[in-house]
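# Analysis of the macromolecular model
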Amino acid sequence: MEKDQIREVIARRVALELKDGDVVNLGIGLPTMVPNYLKPGIQVYLQSENGMIGMGPAPEVGKEDPNLTNAGGGFTSAIAGAASFDSATSFAIIRGGHVDVSVLGALQVDENGDLANWLIPGKKAPGMGGAMDLLVGTRKVILAMEHTAKGSPKIMKKCSLPLTAKGQVNLIITEMCVIEVHPSKGLVVTEIHPEFSAEEVQAATEATLTFASEVLPMKQ
């Protein structure tokens, strides 16, 4: 697959996990594509950790409002009924369990549902940000990630990079498959993209995968 096609496949499949009325926090990068693929009749309320619920699409060039930015510092917009508040209130919402779904990227994830997504040793990083709060405060954590990085596995037996949080990931969605994270069963593949086989999925994964009794074609 081409890079753009990979990102679209992942974003489309993640969008199917969101239900009407969900409060959703989207990480920077690929997760921000997810609202583009919501099915008709599904409305989610996008929460930004810097203090908003009800983010709209990115504004047209020249129509940016400097008072409306997302957690990554980019310009955003607000839907009718949106609310803005201070950072303390925003994190009270997150830590209080009021965010239904958090969609994040990953540098690595492992068999225990541990996530590393903020630092590569030796490289500059702005900090962990609110990721650790989102991982432990959100009801469902979905990773939207490419299956490998330049051919190297990102789904590991054990993360080698500094962790963001332990055991908090519920679902992993890549261009190759959908993987549920179970405390007792480990990583269970439930769907595979038609372009790939189970053998190819396992070969691209360091972790040991379990395949569901009925693995379905990846939904789009």
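These notes cover the structure that comes with them.

The rules we used
Residues numbered from 1 in each chain as written. Predicted model: local features only at pLDDT ≥ 70, side-chain atom pairs only at ≥ 80, totals over all residues. Heavy atoms only, no water. Pairing = 2+ DSSP bridges. Helix = DSSP H or I, 4+ residues; strand = E, 2+ residues; numbered from the N terminus. Buried < 20%, exposed > 50% of the residue type's maximum accessible area, 1.4 Å probe, protein only. Contact = heavy atoms within 4.5 Å. Expected span 1.5 Å × (residues − 1).

As summarised here, the arrangement of the 3 strands in space is S7-S6-S11, forming an open sheet in which the pairing is mixed. Sheet topology places strand S7 (115-116) and strand S11 (155-156) at the edges, where each strand pairs with a single neighbour. Pairing of strand S6 (residues 108-110) with S11, which is carried by 2 bridges, proceeds in the parallel orientation. Residue pairing in the sheet places Val109 in a bridge with Ile155 of S11.

Here strand S1 (residues 23-26) shows a buried face lined by Val23 and Asn25 and a second buried face lined by Val24 and Leu26. Summarising the sheet, S1 and strand S2 (residues 45-48) pair through 3 bridges and their orientation is parallel. Directly across from Asn25, in S2, lies its bridge partner Gln47. Relative to strand S5 (residues 101-104), S1 runs parallel, the two sharing 3 bridges. Residue pairing for S5: Asn25 is matched across the bridge by Ser102.

Mapped onto the elements of the fold, Asn112 is located in the loop between S6 and S7. Each C-alpha atom, one on Asn112 and one on Glu200, is 22 Å from the other, the two residues being 88 residues apart in sequence. Beyond its immediate stretch of four places on either side in the chain, Asn112 contacts Gly167 and Val181.

A separate point is helix H1 (residues 3-15). Each α-helix turn comprises 3.6 residues. Residues three or four places apart therefore point the same way. Relative to the 18 Å expected for 13 residues at 1.5 Å per residue, H1 spans 19 Å between its end C-alpha atoms, a close match to the ideal helical length. For H1, the full list of buried residues reads Ile6, Val9, Ile10, Ala11, Arg13, Val14 and Ala15.

Turning our attention to the pairing of S2. The two faces of a sheet get side chains in turn, since along a regular strand they alternate between them. Relative to strand S3 (residues 52-56), S2 runs antiparallel, the two being bridged by 2 bridges. The residue of S3 that forms the bridge with Gln47 is Ile53.

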